[in-house]
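Residue-level structural notes
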Amino acid sequence: MGDDWSAGISMKKQVIVIGAGIIGASIAYQLARFGATVTIIDAGGPAGQASGASFGWINASFYVNPEHFALRLAGIKAHARLARCLNIAERRKNGALCWEAKGEALDHQATALRGLGYVVEEIDAAAFATLEPNIATPPERCLSFPIERAVDPATLTAELLQAASALGARFVGGVFAGGLATRGGQVCGVETELGIFSADQVVVAAGTGTSSLLSPFGLTLKMLPRPGLLMRTRPVAPVVNHILAAPGQELRQLKDGRILAPTSASHQSDTSEVVMERPDLLAEVALTRLRALLPSVDIEWESVTLAMRPVPEDGLPVIGACGPNGTYVATMHSGVTLAAIVGELVAEELRGKDSLGSREAAMLAPFRPARFS
């Protein structure tokens, strides 16, 4: 979508969004911009599950296939539009430095990304040392992705919900959505133990809770068990200038001085299904890796958080109408990278039949839920 994307035609619909993570918040905000009457329902609070325990890396350098890459690249551009819409400063744009791969594997990664039109720069040890002087051993070869950036997902979720609220949206927290209410093949609301919340349209953005809501209607959406542990250190002076993907450890430094680091090696491609040790012990292991990368820095870990990442069984987003008429699903990993573009596309599609342009429809086509029906 172009930079001049705006609210346009209003839609007078009662819409419930199930899930107050970053995906649900983005969709709710964009729907409210279109004039929909929006209620967000969540069993906890905003960004209370995966969104609040995310590394926050907005990137397209990790992808499943070319279509997935294209959606992620659109996601990076959409985040810039979203920052303008919300009148907030665009997130840190220092880019990412990646040297997880070596030799031919690094060549293949660079060639594949350049073939897709991605901006990839290769730097040597001297250039790396200039960019990141506190890393102990500069890699001989490193890939730089200058358009990548990071965001605090909990903060952005709160900003989205606040903006949606200013447009009339309402948030109901601490209420578990137990199912979808239907009448004559049409969704008519959301069932909770406190009663039915009526709606013309329901958007299921419930992350790992999506499957149980949609399985009664024939969508056999299996979510892969993908636990993620994220560690924060105590604040230190500025020592890391980029998002870093080193062999066996990803890290970035927050504005408050804390270093954020997944406890798993190669977090972006981690396929572990269970956490085998206590989180504090895994944090100690990650801390050892951080100290090896930053030996001149006195680092201590402060907190570690466990969350289940919402990863559909084929690793790809699930976005589109499904189940009873008026039901729409949006669940995926990485929600941070894709939140801004998914909010735009879903709201546009829900305006009415054929409201998406051909380019946007083609962008969503590979990710429709019908592949699981």
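Description of the structure in this document. Values in this document were obtained by computation on a predicted structure and should not be read as measured data. Position numbers for residues start from 1 in each chain and track the written sequence from start to end. Residue-level local features of this predicted model are given only where pLDDT is at least 70; pairs of side-chain atoms are given and counted only at 80 or more, and the full residue set underlies all totals for whole chains, interfaces and linings. Only hydrogens and water are set aside when side-chain values are computed; all heavy atoms of the structure are taken into account.

Structural notes on the overall build of the protein
Counting from the N terminus, the helices are the DSSP runs of H or I reaching at least four residues and the strands are the DSSP runs of E reaching at least two. Within the protein one finds nine helices and 21 strands. For a compact globule of 373 residues, the expected C-alpha radius of gyration is about 21 Å, and the protein comes in at 21 Å, within 12% of that figure. Counting only C-alpha atoms, the protein reaches 65 × 45 × 40 Å along its principal axes. Relative accessibility thresholds used throughout: buried, under 20% of the residue-type maximum; exposed, over 50%; partly exposed, between the two (1.4 Å probe, protein chains only). Residues classed as buried in the protein amount to 53% of the 373 residues present. In the protein, 72% of the contacts between residues at least 6 apart in sequence involve partners at least 24 apart. Entry remark: accessible area of the protein is about 15500 Å², with carbon and sulfur atoms responsible for 52%. In the protein, 32 side chains carry a positive charge and 36 a negative one; their mean positions are 5 Å apart. As a reference, a globule follows 2.2 Å times the number of residues to the power 0.38, and the radius of gyration itself is taken over C-alpha atoms. Whether two residues are in contact is decided by their heavy atoms: any pair within 4.5 Å suffices. Using a 1.4 Å probe, the Shrake-Rupley method yields the accessible areas, and only the shown protein chains count as cover for residues. Here the positive residues are Lys and Arg and the negative ones are Asp and Glu; neither His nor the chain ends is included. Working definition for charges: the position is that of NZ of Lys, CZ of Arg, CG of Asp or CD of Glu.

Side note on the sheet that holds strand β15 (residues 243–246)
When DSSP locates at least two bridges between a pair of strands, those strands are taken to pair. Taken in spatial order, the eight strands make up an open sheet running β5-β6-β4-β15-β16-β17-β14-β18, and their pairing is mixed. Since the sheet does not close on itself, it has two edges, and those belong to β5 (121–124) and β18 (301–308), each with one partner. Direction aside, the axes of adjacent strands within the sheet are offset by 20 degrees on average. Across two bridges, strand β16 (residues 249–253) lies against strand β17 (residues 259–262) in antiparallel orientation. In the sheet register, Gln 253 faces β17, and the bridge partner there is Ile 259. Only the stretch in contact is used when a helix axis is fitted, and all axes are lines through C-alpha atoms; the angle between N-to-C directions ranges over 0 to 180 degrees. Set on the sheet, helix α3 (residues 103–115) makes contact with β4 (96–98), β5 and β6 (141–145); between it and β6 the angle comes to about 20 degrees.

Details of the packing of helix α2 (residues 66–86) against helix α5 (residues 153–166)
Viewed as axis vectors pointing N to C, α2 and α5 meet at an angle of 50 degrees, and their least axial separation amounts to 11 Å. In terms of orientation, α2 lies oblique with respect to α5. Remark: the crossing between α2 and α5 carries left-handed chirality. When α2 is examined against α5, the residues His 79, Leu 82 and Leu 86 are found in contact with a partner set consisting of Leu 156, Glu 159, Leu 160 and Ala 163. Each residue belonging to the contact of α2 with α5 can be placed in one class, and the counts come to five nonpolar, one polar and one charged. Note on angle classes: values under 35 degrees are labelled roughly parallel, values over 145 roughly antiparallel, values of 65 to 115 roughly perpendicular, and the remainder oblique. Crossings are assigned a handedness: left-handed for a near helix turned anticlockwise from the far helix by less than a right angle, right-handed for a clockwise turn. Lys, Arg, Asp and Glu make up the charged group, whereas Ala, Val, Leu, Ile, Met, Phe, Trp, Tyr, Cys and Pro make up the nonpolar group; the residues left over, Gly among them, are polar.

Regarding the nonpolar core
Of all hydrophobic cores here, the largest spans 72 residues; its most connected members are Val 17, Ile 23, Leu 31, Val 38, Tyr 118, Ile 341 and Val 342. Looking at this core, the element that brings in the most residues is helix α8 (residues 335–350), giving 10 residues. Those residues in contact with Val 38, other than ones at most four positions away along the chain, are Val 15, Val 17, Ala 28, Leu 31, Ala 32, Gly 168, Ala 169 and Arg 170. Only buried Ala, Val, Leu, Ile, Met, Phe, Trp, Tyr and Cys residues count toward a nonpolar core, and they belong to the same one when joined by side-chain atoms within 4.5 Å. Ile 123, Phe 128, Val 236 and Ile 299 belong to the second largest nonpolar core, which has 23 residues in total.

Observations regarding the packing of aromatic side chains
Working definition: rings of Phe, Tyr and Trp (its six-membered ring) pair if their centres are within 6.5 Å, and the pair is stacked with planes under 30 degrees apart, edge-to-face with planes over 60 apart, and tilted otherwise. Inspection of every chain in the model, using the stated rule, returns six aromatic pairs. Look at Tyr 63 and Phe 69: their rings are 5.5 Å apart centre to centre, the planes differ by 70 degrees, and that puts the pair in the edge-to-face class. You can call Tyr 63 partly exposed: its relative accessible area is 28%. What makes Phe 69 buried here is its relative accessible area of 3%. For the ring pair Trp 99 and Phe 128, a centre distance of 4.9 Å and an interplane angle of 75 degrees mean the geometry is edge-to-face. Of the two residues, Trp 99 is situated in the loop between β4 and α3 and Phe 128 in helix α4 (residues 125–131); the sequence distance between them amounts to 29 residues. Owing to a relative accessible area of 0%, Phe 128 belongs among the buried residues under this scheme. By the ring-pair criterion, three or more aromatic residues cluster together here, those being Tyr 63, Phe 69, Tyr 118 and Phe 145. In this analysis the charged atom, NZ for Lys or CZ for Arg, is taken to sit over a ring once it is within 6 Å of the ring centre and within 35 degrees of the ring normal. Sitting above the plane of the Phe 55 ring, Arg 252 keeps its charged end 5.8 Å from the centroid. A cation over a ring is seen here: Arg 351 above Phe 34, with NZ or CZ 4.5 Å from the ring centre.

So, the environment of Ile 58
You can see Ile 58 is positioned in strand β3 (residues 57–58). Assessed through its relative accessible area of 1%, Ile 58 is described here as buried. Distance in space between the C-alpha atoms of Ile 58 and Pro 279 is 25 Å, their sequence separation being 221 residues. Not counting chain neighbours up to four residues away, the residues in contact with Ile 58 comprise Ile 76, His 79, Glu 148, Arg 149, Ala 150, Val 151, Val 336 and Thr 337.

Some remarks on α5
Residues that lie three or four places apart on an α-helix share one face, since the helix turns once every 3.6 residues. What a helix should span is 1.5 Å times the count of its residues minus one. Between the first and last C-alpha of α5 there are 20 Å, a value that for 14 residues agrees with the 20 Å anticipated at 1.5 Å per step. Taken together, the buried positions of α5 are occupied by Pro 153, Leu 156, Thr 157, Glu 159, Leu 160, Leu 161, Ala 163 and Ala 164. Buried residues along α5 sit against α1 (22–33), β2 (37–42), α2 and α8. Where α5 ends, the next residue or the one after it, Gly 168, has phi of about 105 degrees, a positive value.

Topic: the pattern of salt bridges
Any Lys or Arg side-chain nitrogen found within 4 Å of a carboxyl oxygen on Asp or Glu counts as a salt bridge. Overall, the coordinates contain 12 salt bridges when judged by the stated rule. The salt bridge partner of Asp 280 is Arg 278, with a shortest N-O separation of 2.6 Å. You can call Asp 280 partly exposed: its relative accessible area is 26%. For the salt bridge of Glu 348 with Arg 351, the shortest nitrogen-to-oxygen distance reads 3.1 Å. The class for Glu 348 is buried, based on a relative accessible area of 9%. Salt bridges sharing common partners tie together Arg 234, Asp 256, Arg 258 and Glu 302.

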